[in-house]
Structure formats: structure tokens, C-alpha cells
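Report on the structure
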Amino acid sequence: MDRSQLRQWIEDALARHDRDAAERGETVANVTVDEIVDAVWGRLPLEVRREASRAQVQASLTVLTLRRGIVLAREDEGPRGLGHATAPSDEAV
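Let us look at the structure shown here. (Residues numbered from 1 in each chain as written. Predicted model: local features only at pLDDT ≥ 70, side-chain atom pairs only at ≥ 80, totals over all residues. Heavy atoms only, no water.)

Brief notes about the packing of helix α1 (residues 3-23) against helix α2 (residues 33-43)
Our working definition: Note on definitions: angles span 0 to 180 degrees between N-to-C directions of axes, and those axes are lines fitted to C-alpha atoms, for helices only across the stretch in contact. Helix and strand assignments follow DSSP, with helices taken as H or I runs no shorter than four residues and strands as E runs no shorter than two, numbered in order from the N terminus. Each angle is binned into one of four classes, with values under 35 degrees roughly parallel, values over 145 roughly antiparallel, values of 65 to 115 roughly perpendicular, and all other values oblique. In what follows, residue pairs with any heavy atoms lying within 4.5 Å of each other are defined as contacts. Nonpolar residues are Ala, Val, Leu, Ile, Met, Phe, Trp, Tyr, Cys and Pro. Charged residues are Asp, Glu, Lys and Arg, and all others, Gly as well, are polar.
Where α1 contacts α2, the axes come no closer than 8 Å and their chain directions differ by 110°. As far as their axial angle goes, α2 and α1 are roughly perpendicular. Residues Ile10, Ala13, Leu14, Arg16, His17 and Asp20 of α1 lie in contact with α2, whose contacting residues are Ile36, Ala39, Val40 and Arg43. In the contact of α1 with α2, the residues fall into 6 nonpolar, 1 polar and 3 charged.

Below, the structure is given as C-alpha cells:
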């Protein structure tokens, strides 16, 4: 199984975990890495668990988390973003 295919399975398992927790009224804040890996691992199909190790799942979760963080940071920056020149505000004049 290639990494992109594994990440798709992991994204699906993570989304199901979040949905299940929300349905139970649980918050998913302040959870440990082990709890997240366990939750995702338990939601993966058996054939995926036979082909991938827990370390591979944890590594893929790390990459997915980093990618999401980058996307969220870019969205928070707005249209200016990093590396773009900014015009002085009218208030400074």
C-alpha cells in the first residue's frame, strides 16, 4: 500500500472518529498522540492494519496534521500572506 492510499484511509478514519465523538457529545481537545493513533488504528480496515504498521500510521498522521496546520495558517494570513509587500495604512498619514 502506498503512502497516499494509506493517508486517505487515515483521513477517513480520523473523520469518523471526530464524527463519533461529536455524536457522543465528547470533546476531542487535549488528547494524547497515543489516543489519536489508537482511535485511528481501530477504525482502519483489517487489511490496511495488516499492511501498515502503527509507526507508519503515526507518521502519516503527523504529515496530515502539518498540512492542515499550514493550510490554516495560510487562511489566517489573509490576502497579504508572507512575502508580500504591504501598503502603509491611511491612519499613519
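Looking at the nonpolar core
Under the convention used in this document: Buried residues of nine kinds, namely Ala, Val, Leu, Ile, Met, Phe, Trp, Tyr and Cys, make up a nonpolar core once their side-chain atoms join them within 4.5 Å. Relative accessible area decides the class of each residue, using a 1.4 Å probe on protein chains only: under 20% of the type maximum gives buried, over 50% gives exposed, and in between gives partly exposed.
Membership of the largest hydrophobic core comes to 13 residues, with the highest contact counts inside it found for Leu6, Ile10, Val40, Leu44, Val57 and Leu61. Sorting the residues of this core by element identifies α1, α2 and α4 (54-77) as the ones contributing at least two each. No other element matches α1, which puts 4 residues into this core.

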